[in-house]
Amino acid sequence: MLVNTKKMLLKAQEEGYAVGHFNSSNLETTKAIIEAAVELNSPVIVATSKSAIEYYGLKEIYTTTRELVGKLSIPVALHLDHGPDYNLAKKCLNIGYTSVMIDTSKETFKKNVQITKKVVKYARELNASVEAEIGRLKGIEDQISSKEHVLTQPNEALEFVKATDCDSLAIAIGTSHGAYKFKGKTKLDFERLKNIRELVKIPLVLHGASSVYQEEVKKLTKYGGSLKNAHGVSDYELKRAIGYGICKINTDTDLRIAFDMELRKFLKENKSEIDVRKILGNAYGHVKEIVEKKIKIFGSEGKAY
Ligand code: G3H
Ligand code: 13P
Ligand code: ZN
């Protein structure tokens, strides 16, 4: 059964670990995420963005995820990632998503509050929860303008949460989406995170948290891919962020690298293989390994309830 995301995150917050939010755009990735969580007896969040929904189909995502989850004994949540507007959030909630992110962080504070409040009101009626964002990460949110990060201001975060009554809050502390997160050394503002945590009592979410593992990038390059000078957030930094109060960690890029690398490897080594089940089936296995690795780092192994 799909479960209430809020409850899942409150438990993580109380016990000091993070639940993995993993983005999926296809059946193979969704299966890999759920199976990894089952193997490690961990709660997990399957997340789909607007573009994933456009690609995979809302009804298809909901029904396949619900069927895969079936009667499993681990808690699985289905979440809309970076919902750009009220309408998509509403559609996802209506079909049965257990939470939505409304990401109007590019708007003025006032408008961000206004739209978030409206989504919260609707979600409450369906016993679902809402993640919102204050501050801006480079990547998704700057597709409209090319502004740099706008790091979250602790006081503004507090004011936003009070005004919207959202259930969890995505904050900007220096990460960004995609494979290119840092020009030089990784720089996360842990002091800022600490200050936000002191003021804001609801679960805090770290977006743009992929590690861009260098061994994976090397393999990708070996098999014909190219991600020059790509860098992510190290496992050590993720653990520090959890220590300072992050209890939901969003990962997409690391799964994309894993999938893509395995596809390239398999196709290079099996030039006459045309069975798409074998090709995709192989890539799915590696995505599952990465999800398992993440679950262990996030500390949610054995935390199913
Ligand atoms: O943070 C967002 C995810 O990486 C989703 O990206 O819009 O390409 O699906 P996408
Ligand atoms: P990455 O691009 O670092 O995987 O971030 C994903 C994310 O934040 C999804 O919301
Ligand atoms: Zn994100």
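See above for the structure.
Since the structure is predicted, the reported quantities are computational estimates derived from the model, not experimental observations.

Caption draft 1: A look at the overall build of the protein. Helix and strand content of the protein: twelve helices and eight strands. Relative to its length of 305 residues, the protein is compact, with a C-alpha radius of gyration of 18 Å against a globular reference of 19 Å. Across the protein, the fraction of contacts at a sequence separation of at least 24, relative to all contacts at a separation of at least 6, is 77%. Carbon and sulfur atoms make up 52% of the accessible area of the protein, which totals about 13,800 Å². Charge separation in the protein, taken as the distance between the mean sites of 48 positive and 39 negative side-chain charges, equals 1 Å.

Caption draft 2: Looking closely at the site of ligand 1. As a structural note, the neighbourhood of ligand 1 is formed by nine residues, with Ser49, Ser51, His177, Asp252 and Arg256 the closest of them. Considered on its own, ligand 1 offers 300 Å² of accessible surface; in the complex 78% of this is hidden by protein.

Caption draft 3: Up close: the layout of surface pockets. Its boundaries defined by the atoms lining it, the second largest pocket holds a volume of some 300 Å³. Along the walls of the second largest pocket sit 15 residues, with His149, Gly174, Lys181, Phe182 and Lys187 positioned nearest its centre. Grouping the constituent residues of the lining of the second largest pocket by class yields five nonpolar, three polar and seven charged.

Caption draft 4: Here's a closer look at the coordination of the zinc ion (ligand 3). Listed as protein donors to the zinc ion (ligand 3) are His82 (NE2), His177 (NE2) and His207 (ND1); their distances from the metal cover 2.0 to 2.1 Å. Of note, the zinc ion (ligand 3) draws all its donor residues from one chain, in the sequence arrangement H-x94-H-x29-H. Taken together, the residues His82 in strand S3 (residues 76-83) and His207 in the loop between strand S7 (204-206) and helix H9 (214-222) connect sequence positions 125 residues apart. For the pair shown, His82 and His207 are each scored as buried.

Caption draft 5: Focus on the site of ligand 2. Among the 15 residues in the neighbourhood of ligand 2, the closest are listed as Asp81, Lys181, Ser210, Asp252 and Thr253. A distance of 2.6 Å is found between an oxygen atom of ligand 2 and a side-chain nitrogen or oxygen belonging to Asp81. Contact distances for ligand 2 include 3.0 Å between an oxygen atom and a side-chain N or O atom of His177. For ligand 2, whose unbound accessible area comes to 310 Å², protein coverage reaches 97%. Counting residues per element, the ones that place at least two in the shell around ligand 2 are strand S1 (19-23), S3 and strand S8 (246-251). Taken together, the residues of the shell around ligand 2 sort by class into one nonpolar, eleven polar and three charged.

Caption draft 6: The arrangement of the packing of helix H6 (residues 109-125) against helix H7 (residues 154-164) in detail. Running from N to C, H6 and H7 point in directions that differ by 40°, and their axes come no closer than 9 Å. In the crossing of H6 with H7, the sense of the turn from one axis to the other is right-handed. Of H7, the residues touching H6 (which contributes Phe109, Asn112, Val113, Thr116, Lys117 and Val120) are Glu156, Glu159, Phe160, Ala163 and Thr164. A breakdown of the residues in the contact of H6 with H7 according to their chemical character gives five nonpolar, three polar and three charged.

Caption draft 7: Representation of the environment of Leu2. Here Leu2 lies in the segment before helix H1 (5-15). Taking relative accessible area as the criterion, Leu2 reaches 14% and is therefore assigned buried. Sequence spacing of Leu2 and Val120 is 118 residues, and the spatial spacing of their C-alpha atoms is 19 Å.

Caption draft 8: Structural detail: the pattern of salt bridges. Per the stated rule, a full pass over the model turns up 19 salt bridges. Among the salt bridges present, the one from Arg264 reaches Asp260, with a minimum N-O distance of 2.6 Å. Of this pair, Arg264 and Asp260 both sit in helix H11 (residues 253-269), separated by four residues, roughly a single helical turn. Classification of Arg264 as partly exposed rests on a relative accessible area of 32%. Linked through salt bridges whose partners overlap, the residues forming this network are Lys6, Arg124, Asp165 and Asp167.

Caption draft 9: Layout of H9. Buried within H9 are the following residues: Glu216, Val217 and Leu220. Down the axis of H9, the buried side of the element spans an arc of 100°, and every buried residue falls inside it. Pointing more than 90 degrees away from the buried face of H9 are the exposed residues Lys218 and Lys222. On its buried side, H9 packs onto H11 and helix H12 (276-298). Immediately beyond the C-terminal end of H9, within one or two residues, lies Gly224, with a positive phi of roughly 105°.

Caption draft 10: Summary view of the side chain of Glu237. With respect to the element layout, Glu237 can be found in helix H10 (residues 235-243). Although Glu237 lies buried, it forms no salt bridge, and the closest oppositely charged side chain, Arg240, sits 6.5 Å away as judged by the N-O distance. Setting aside residues up to four positions removed in sequence, Glu237 forms contacts with Thr186, Leu188 and Phe190.

Criteria and cut-off values
Residues numbered from 1 in each chain as written. Chains lettered and ligands numbered in written order. Predicted model: local features only at pLDDT ≥ 70, side-chain atom pairs only at ≥ 80, totals over all residues. Heavy atoms only, no water. Helix = DSSP H or I, 4+ residues; strand = E, 2+ residues; numbered from the N terminus. Rg over C-alpha atoms; globule rule 2.2 N^0.38 Å. Contact = heavy atoms within 4.5 Å. Areas by Shrake-Rupley, 256 points an atom, 1.4 Å probe, with all protein chains shown as cover. Lys, Arg positive; Asp, Glu negative; His and termini not counted. Charge placed at Lys NZ, Arg CZ, Asp CG, Glu CD. Near = heavy atom within 4 Å. 1 Å grid on protein atoms, 1.4 Å probe; cavity = no way out; pocket = protein on both sides within 12 Å on 5 of 7 lines; lining within 4 Å. Points joined across faces, edges and corners; volume = space filled by probe spheres on them. Nonpolar A, V, L, I, M, F, W, Y, C, P; charged D, E, K, R; others polar. Donors = N, O, S within 2.8 Å, 3.2 Å for Na, K, Ca; no water. Buried < 20%, exposed > 50% of the residue type's maximum accessible area, 1.4 Å probe, protein only. Polar contact = N/O pair within 3.5 Å; in protein donor to acceptor, adjacent residues only side chain to side chain. Axes fitted to C-alpha atoms, helices over the stretch in contact; angles between N-to-C directions. Left-handed = near helix turned anticlockwise from the far one by under 90°. Salt bridge = Lys/Arg side-chain N within 4 Å of Asp/Glu carboxyl O. Arc of directions from axis to C-beta.

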